Amino acid sequence: MKEFALSFWIYMGVMSVFVGGALRKSLAAHIRAAATIVAWLGVTVLVERLYWLSLLGFLLVAVLAAACCLYAGRSAPVLGLPTDSKVVFITGCDSGFGNAAARHLDSLGFEVIASVLHLDSPGAVELLCCCSSNLTLVQMDITQPKDVQKAFSRTKAKLGLRGLWGLVNNAGVCVSFGDAELSLMTTYRGCMEVNFFGTLNVTKTFLPLLRRARGRIVTISSPSGEQPFPSLAAYGASKAALNLVINTLRHELQPWGVEVSLILPSAFRTGQCSNSEYWEQQHKHLIESLTPGLLEEYGEEYLLETKELFQLHASRASEDLSPVISTIADALTSPQPKVRYYAGPGVQLMYFIHTYLPTFFSDKFLQRLFVKKKVVPQNDMNKNFKK
Ligand SMILES: NC(=O)c1ccc[n+]([C@@H]2O[C@H](COP(=O)([O-])OP(=O)(O)OC[C@H]3O[C@@H](n4cnc5c(N)ncnc54)[C@H](OP(=O)(O)O)[C@@H]3O)[C@@H](O)[C@H]2O)c1
């Protein structure tokens, strides 16, 4: 043992963390990472040899490790699959990601079937004006089995003998916000109805067409389905349930050649979230629906702060939707689509902290990053109970 200097053990520690981290990340994400792993191991051996030749090798370790991190974070440019005569069905195209994705996929040459909640919504009208004649608009509320069946029949008629190349499960809602105890059961059910049951029904309905084309399912989920974001329990739970079903489908559909991807975007300014009137209504509705006892225990000041923090968070969200839109396109055109995509600023860091650091750090990170509450509930029970 004596012959090994302290620097050797530091070196071993650093390399173990980096190589172990790379392996764990690759395995957790089920990314086809053989080349990356071989490169990492190769670099480890090389640096280790250099280290014994010179003490500067230690510095080299740090530089190479950083370079490898950067390299692993970038996706090498790969030629995408052709888009012509491929049909893609997208849900929730009235606004936000769905609307932007419909326009982008149309411009790439896909035959897009864009489903909207309302055929006369500004977003639907815009799609008809701006897109090519290859785009078809259909009305569909994903929670209404009749609408889903109708949309399916229209898609089948359009396809003829072809299969469906892509289903983009985008439609979703964040019905309300608030601490898990304060959230109404109707809020939990509302989120589940759209984000989980609606998306599940659409996916099951369209699967025979997807299997025929050995196509792709791309689902827009949320990091709140993987991590316990404060005040988003109802929304997060519906996305967590969705993630589980989609991940299960992923391996069940392997024999059929259907590739399944999840996209987890960070915060973007879409839909209602940039509308301050929306947050006011949500807040008013919550106050009106709470029992007097709960309202007294938490206090109006606590609820007011939560609303203001959500408004602040929404105002800071990114307006540039392109990270999510290009990710949807990648999941549909890449020869090897990823199982899970993190799209948008900060979301990779969030994933890293949640996955690799102790719970204490990830909890603190979420509490500070998302809604940084300062006001404590009015009747903080700790004050009333002796330990
Ligand atoms: N924006 C973000 O920061 C963010 C982050 C993570 C995940 N996401 C997810 O991204 C997806 C798209 O959301 P977005 O951010 O683009 O917000 P958005 O602009 O509100 O888009 C959601 C779309 O879904 C539609 N929709 C709602 N209920 C529906 C139903 N029952 N049937 C069919 N369509 C329905 C909405 O129609 P109306 O406009 O008529 O209500 C809207 O067009 C959602 O699944 C959301 O959970 C968003």
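Residues numbered from 1 in each chain as written. Predicted model: local features only at pLDDT ≥ 70, side-chain atom pairs only at ≥ 80, totals over all residues. Heavy atoms only, no water.

The protein is annotated in an unreviewed UniProt entry as 11-beta-hydroxysteroid dehydrogenase type 2 of Paramormyrops kingsleyae. Under the Pathway (unreviewed entry) heading, UniProt states for the protein: "Steroid metabolism." We quote the UniProt Sequence similarities (unreviewed entry) comment for the protein here in full: "Belongs to the short-chain dehydrogenases/reductases (SDR) family." (UniProt positions renumbered as here; feature names shortened; annotations may be inferred.)

### Digging into the overall build of the protein
A count of helical and extended segments in the protein gives 15 helices and seven strands. When burial is assessed residue by residue, the protein has 44% of its 387 residues classed as buried. Put simply, 74% of the contacts in the protein that link residues at least 6 apart link residues at least 24 apart. Carbon and sulfur atoms provide 62% of the accessible area of the protein, an area that totals close to 20,500 Å². (Helix = DSSP H or I, 4+ residues; strand = E, 2+ residues; numbered from the N terminus. Buried < 20%, exposed > 50% of the residue type's maximum accessible area, 1.4 Å probe, protein only. Contact = heavy atoms within 4.5 Å. Areas by Shrake-Rupley, 256 points an atom, 1.4 Å probe, with all protein chains shown as cover.)

### A closer look at a positive patch on the surface
Together, Arg 316, Lys 364, Arg 368, Lys 372 and Lys 374 make up a region of like positive charge exposed at the surface. Mapping Lys 364 onto the fold places it in helix H14 (residues 359–369). (Patch = residues over 30% accessible without salt bridge, like charges linked within 9 Å, V, L, I, M, F, W, Y side chains within 5 Å. Salt bridge = Lys/Arg side-chain N within 4 Å of Asp/Glu carboxyl O. Lys, Arg positive; Asp, Glu negative; His and termini not counted. Charge placed at Lys NZ, Arg CZ, Asp CG, Glu CD.)

### A look at the pattern of salt bridges
Opposite charge on two side chains permits them to pair, given that their charged atoms come into close proximity. Applying the stated rule across the entire model yields seven salt bridges. Residue Glu 111 pairs with Lys 158 through a salt bridge whose shortest N-O separation is 3.8 Å. Pair noted here: Glu 111 is in strand E2 (residues 111–116) and Lys 158 is in helix H6 (residues 145–159), with a separation of 47 residues, a long-range link. On the basis of relative accessibility, which here comes to 14%, the residue Glu 111 falls in the buried class. The residue Glu 226 makes a salt bridge to Arg 340 at a minimum N-O spacing of 3.2 Å.

### Thoughts on the environment of Leu 309
Summarising the element assignment, Leu 309 is placed in helix H11 (residues 300–316). Between the C-alpha atoms of Leu 309 and Lys 372, which are 63 residues apart in sequence, the distance is 7.2 Å. Aside from chain neighbours lying at most four places away, what touches Leu 309 is Val 371, Lys 372 and Lys 373.

### Let's talk about H6
Residues spaced three or four apart along an α-helix face the same direction, because each turn holds 3.6 residues. For H6, with 15 residues, the first-to-last C-alpha span of 21 Å sits near the 21 Å given by 1.5 Å per residue. Among the residues making up H6, those that are buried are Asp 147, Val 148, Ala 151, Phe 152, Thr 155 and Leu 159. Mapping the buried residues of H6 onto a view down its axis gives an arc of 135°, with all of them on the same face. Of the exposed residues in H6, those oriented more than 90 degrees away from the buried face are Lys 146, Lys 150 and Ala 157. In the core, the buried residues of H6 are packed alongside strand E1 (87–90), E2, strand E3 (136–139) and helix H7 (185–213). Backbone geometry just downstream of H6 places Gly 160 in the positive-phi region, at approximately 65°. (Expected span 1.5 Å × (residues − 1). Arc of directions from axis to C-beta.)

### Section: the packing of aromatic side chains
Counted under the stated rule, the structure contains 12 aromatic pairs. A ring pair is formed by Phe 177 and Phe 310, whose centres lie 4.6 Å apart and whose planes are at 25°; its orientation type is stacked. Here Phe 310 lies in helix H11 and Phe 177 lies in the loop between strand E4 (166–169) and H7, a separation of 133 residues in the sequence. For the pair Phe 177 and Phe 310, a shared accessibility class is recorded, and that class is buried. An aromatic cluster of at least three residues, connected via ring pairs, comprises Phe 177, Tyr 278, Trp 279 and Phe 310. Geometry around Trp 165 places Lys 86 over its ring, the cationic atom sitting 4.8 Å from the centre. Lying across the ring of Trp 256, Arg 211 places its NZ or CZ 4.4 Å from the centre. (Phe/Tyr/Trp six-rings, centres within 6.5 Å; stacked < 30°, edge-to-face > 60°. Lys NZ or Arg CZ within 6 Å of the ring centre and 35° of its normal.)

### Remarks on unusual backbone geometry
A positive phi angle, close to 55°, is found at Ser 85, a residue other than glycine. By secondary structure assignment, the location of Ser 85 is in the loop between helix H3 (56–73) and E1. Exposure remark for Ser 85: the relative accessible area of 46% places this residue in the partly exposed category. If you check the backbone angles, Arg 214 has positive phi at about 50° while not being a glycine. Mapped onto the fold, Arg 214 is located in the loop between H7 and strand E5 (216–220).

### Details of the site of the ligand
Neighbouring the ligand are 26 residues, the closest being Ser 95, Asn 170, Tyr 235, Phe 268 and Thr 270. Here Ser 95 contributes a side-chain N or O atom positioned 2.7 Å from an oxygen atom of the ligand. Computed on the free molecule, the ligand has an accessible area of 870 Å², of which 82% lies beneath the protein chains in the complex. At the level of secondary structure, the elements contributing two or more residues to the shell around the ligand comprise helix H4 (96–107) and helix H8 (233–252). Grouping the amino acids of the shell around the ligand by side-chain chemistry returns 12 nonpolar, 11 polar and three charged. (Near = heavy atom within 4 Å. Polar contact = N/O pair within 3.5 Å; in protein donor to acceptor, adjacent residues only side chain to side chain. Nonpolar A, V, L, I, M, F, W, Y, C, P; charged D, E, K, R; others polar.)

### Thoughts on the side chain of Thr 155
Summarising the element assignment, Thr 155 is placed in helix H6. For Thr 155, a relative accessible area of 0% translates into the label buried. Within the structure, Thr 155 has its side chain in polar contact with the backbone oxygen of Ala 151 (distance 2.7 Å). With residues near it in sequence (within four places) discarded, Thr 155 still touches Phe 89, Ile 113, Leu 164, Phe 206 and Leu 209.

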